[in-house]
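Descriptive analysis of the structure
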Amino acid sequence: MTLTNLFGRKWRLVLSALLICIVISELAYCHKDAREQRRRPGRKAKPGKPKLAKAAQKGTLGSKAKPKVKASTQAQALLTQVINRGKFIKVEEKISVHVGDALELRCRGKPVQWGVPSYLEEDDDGRLRIVQHERYGVLTLVNTTGADTGEYTCYPMFCEDTDCRKKYDKAAKVFVFFPDPQELFVPSSDYYEVIQLRTNWPTRLPCQVTSPAANVTLHREFPPVEVAVDGTEISFDVQKGFTIHRPRPHHAGALYCVASLGGLRQSSTKYMLIYVNYPRAPPAPVIQSSSSSLAAGDNLRLSCTVMGERNVAVEITWEYPGQQIGRPLYTLESINPVGGGSDGQQTQSILLVDEVRDVDQGAYTCTAENLQGSKSVSTTVKVLPKAKPPKP
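Structure report, in brief. Please read all numbers here as calculations on a predicted model, not as lab measurements.

1. Focus on the sheet that holds strand β6 (residues 128-132)
- An order of β2-β1-β4-β7-β6 is seen for the five strands of this open sheet, with the pairing classed as antiparallel. Taken across any chain shown, the strands that pair with only one partner, and hence form the sheet edges, are β2 (87-90) and β6. Strand after strand, the sheet turns through a mean of 25° between neighbouring axes, direction not considered.

Right under this line is the structure:
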């Protein structure tokens, strides 16, 4: 055998061994894959995700914040409008219903109580019907008119045994307009309405219209002029009317509103505005006596003084021992400006008791009252026996 033949045979053996190893490896791999398929029938192998990424994804979903809902929005969700027999829509802050159509509102709660415009509270013609079901209350108003325009409120109730009270913070409100082509203003039986202008309180002129589309202006009767509405001193809201935020004496007088829509123009009830200077606080009277003790037969003088704001009325009244026997009251009243005559005033009442007697001994009380309240102060007077004249 030659050397070349020997090396050729060895190379063939090596190649054969390599091929056998490759075949054995392929068979082992196929066997393993078959076992995996038997374990998970019908599933295909998916590329695995890194555990860290999966954990991060879970954290993101778990920590997703729900949008916060305001309390007023949550309360409003209790109230729905029923239309077309079984179709429900959530109501907004204000809605419009055609005159003559029925208004049906449903409010979730067990039980609930309803608030309606004052006109309907006095109406007893059967148009308004309120029914409480197991989980909700229903308000139904039929044969509607422009006069029904106003605010409708649902109050969920909190009950303990037979005692129930309204949850005012959970109340759901809706302002309902009933546009009337013939009546732009909500009808009123009053031709004049008297309204006080208070220095420390905003004043409202309702001027309530039946349609939110109406254009409303404010007018003075004498002299006839349109009143400027700047949004600061005077503002307008279609649901509330005109508001005078800081009433002053020049706002007093006869005012009325004018509404126009399309070709229709109408005037409202007239409002007689009377300016009243309200005090900032109740009065603080000070009482003084000419003497805390005096002899019978002497004259007594007591004063009650109140320092207050200019043009603020203060009423002063007295209680004294002589009232019990009908002893008449003698007083002197005075009002004088102080602080240069522009800032404040002094109101004073002086009680005079002539020739005091034993019955005049006791407590003297002065009570001062203004529009913000009243306060009383007292002092005690002692009557001594009349001194005997010396013997001659």
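2. Notes on the sheet that holds strand β16 (residues 241-244)
- Taken in spatial order, the three strands make up an open sheet running β12-β16-β15, and their pairing is antiparallel. The open sheet has two edge strands, β12 (203-205) and β15 (234-237), and neither has a second partner. Each neighbouring strand pair of the sheet contributes to a mean axis angle of 25°, computed without reference to strand direction.
- With three bridges joining them, β12 and β16 adopt antiparallel strand pairing.

3. Re the state of the cysteines
- Counted according to the given criterion, the structure contains three disulfides.
- Between C107 and C154 runs a disulfide, and the two sulfur atoms are separated by 1.9 Å. Taking the sign of the S-S torsion, -80° for the link of C107 and C154, the bridge is left-handed. You can see C107 sitting in strand β4 (residues 103-108) and its partner C154 sitting in strand β8 (residues 150-160), a full 47 residues away along the chain.
- Since its relative accessible area comes to 0%, C154 is described here as buried.

4. A short note on the packing of aromatic side chains
- The full count for this structure, using the stated rule, is four aromatic pairs.
- Each ring, one from Y191 and one from Y192, has its centre 4.9 Å from the other, and the planes form 80°; the classification is edge-to-face.
- Since its relative accessible area comes to 56%, Y191 is described here as exposed.
- Judged by relative accessible area, Y192 falls into the partly exposed class, the value being 38%.
- A centroid spacing of 4.6 Å and a plane angle of 45° characterise the contact between F236 and F242, whose relative ring orientation is tilted.

Parameters at a glance
Residues numbered from 1 in each chain as written. Predicted model: local features only at pLDDT ≥ 70, side-chain atom pairs only at ≥ 80, totals over all residues. Heavy atoms only, no water. Pairing = 2+ DSSP bridges. Helix = DSSP H or I, 4+ residues; strand = E, 2+ residues; numbered from the N terminus. Axes fitted to C-alpha atoms, helices over the stretch in contact; angles between N-to-C directions. Disulfide = S-S within 2.5 Å. Buried < 20%, exposed > 50% of the residue type's maximum accessible area, 1.4 Å probe, protein only. Phe/Tyr/Trp six-rings, centres within 6.5 Å; stacked < 30°, edge-to-face > 60°.

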